[in-house]
Amino acid sequence: MWAEFVDQPHLKNFQTLVRHAKQADAWPLWRERALEEIRRRIAKAKEKAGAQTRPRWLPAGDDSSPLVEIFLHEGNTDEAWREAQAGGCWDGLWLRLADARETEHPEDAAAVYLKMGEAGVAAVGTGRYEDAVDLLVKAASAMRRFSVVTRYRVTTLQPAHRTWRRSRRRRRSGSHG
C-alpha cells in the first residue's frame, strides 16, 4: 500500500492507505507519514519548477492541491483552508473549499467566489456568462451573510458587460457582424 501511495500520492491511494492502516491499528502514524510524503513532494516540485515555464493547463504538482483534497475529505476545512492559502490549489478545489466554508466563514467563501467569478467573466469574452454570474451571485449572498456594507465596484466586469450587451443586441437584430 505504501509503495502505491508514494508512487501516486492522491486521495484515492490515501483512502486505501487509511483502510489498511486502520485495520492494523496504526493510522495516526501512517497519516503523519503520508502527509510528510506529500509535503516533501510538493517542496521538491517547487524546487524543480524554479524558473521553468509551463502551459497553464498543465498541473504543476507544486501546489497544495493533494493536501487540500485530503483535508476536505477528512472534513477538516480549517486545515484545508490554511493549506490552500499557503500553497494554492486547483480552481475546482478552491470552489469546493468555498462551498464547505460558506456557512461558518462566508467572508472566505465570498472572496473565492468573487475571484473566480471575475476571472470567469474576463475569460468569456462574448461567450456564456452563466457560470461566472452564478459565482458572483454566490459571492453576493455570502457577503450579505457577514454584513458587508462595502460597495463592490464592478469596474472589472463593466467592459465584459458592455460586450455582452452588444452581442445580445446583435443577436436580437439578426446581424452578426
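Higher on the page you've got the structure.
For the structure given in this document, a descriptive report is provided here. Along each chain, residue indices are assigned from 1 in the same order as the chain's sequence is written. Only residues with pLDDT of at least 70 are given local features in this predicted model, and only at 80 or more are side-chain atom pairs given and counted; all residues enter the totals for whole chains, interfaces and linings. Each side-chain value is derived from all of the structure's non-hydrogen atoms; neither hydrogens nor water enter the calculation.

1. Let's talk about the nonpolar core
As a rule of thumb, nonpolar side chains are buried together in soluble globular proteins.
Here is step 1 of the chain: In these notes, a set of buried Ala, Val, Leu, Ile, Met, Phe, Trp, Tyr and Cys residues joined through side-chain atoms within 4.5 Å is what counts as a nonpolar core. Relative accessible area decides the class of each residue, using a 1.4 Å probe on protein chains only: under 20% of the type maximum gives buried, over 50% gives exposed, and in between gives partly exposed. In this structure, Phe 5, Phe 14, Val 68, Trp 94 and Leu 97 are the most contacted members of the largest nonpolar core, which totals 39 residues.
Here is step 2 of the chain: Every element with two or more residues in this core is listed here: helix 1 (2-7), helix 2 (11-23), helix 3 (27-49), helix 4 (65-74), helix 5 (77-87), helix 6 (91-101), helix 7 (106-124) and helix 8 (130-145).
Here is step 3 of the chain: With seven residues, helix 7 is the single largest residue contributor to this core.
Here is step 4 of the chain: Here, two residues are considered to be in contact whenever any of their heavy atoms come within 4.5 Å of each other. Beyond its immediate sequence surroundings of up to four residues, Phe 5 is in contact with His 10, Asn 13, Phe 14, Leu 17, Ala 34, Glu 37 and Ile 38. Put simply, DSSP marks the helices as runs of H or I at least four residues long and the strands as runs of E at least two long, and each gets a number from the N terminus on.

2. A word on helix 2
Here is step 1 of the chain: Taking 1.5 Å as the rise per residue, helix 2 with 13 residues should run 18 Å; its terminal C-alpha atoms sit 18 Å apart, in good agreement.
Here is step 2 of the chain: All buried positions along helix 2 are accounted for by Leu 11, Asn 13, Phe 14, Thr 16, Leu 17, Val 18 and Ala 21.
Here is step 3 of the chain: Looking at the buried side of helix 2, the elements it contacts are helix 1, helix 3 and helix 4.
Here is step 4 of the chain: Of the residues one or two after helix 2, Asp 25 is the one with positive phi, at around 55°. Take the number of residues in a helix, subtract one, and multiply by 1.5 Å to get its expected span.

3. Some details on the packing of aromatic side chains
Here is step 1 of the chain: Two rings from Phe, Tyr or Trp (for Trp, the six-membered ring) form a pair when their centres sit within 6.5 Å of each other. Planes less than 30 degrees apart are called stacked, planes more than 60 degrees apart edge-to-face, and all others tilted. The tally for this structure, following the rule as stated, stands at five aromatic pairs.
Here is step 2 of the chain: Ring centres of Trp 2 and Trp 30 lie 5.4 Å apart, and the angle between their planes is 55°; on these two criteria the pair is classed as tilted. Of the two residues, Trp 2 sits in helix 1 while Trp 30 sits in helix 3, which places them 28 residues apart along the sequence.
Here is step 3 of the chain: Between Trp 81 and Trp 94, the ring centres sit 5.7 Å apart and the planes meet at 85°, which makes this aromatic pair edge-to-face. Placement of Trp 81 in helix 5 and of Trp 94 in helix 6 is noted, with a sequence separation of 13 residues between them.

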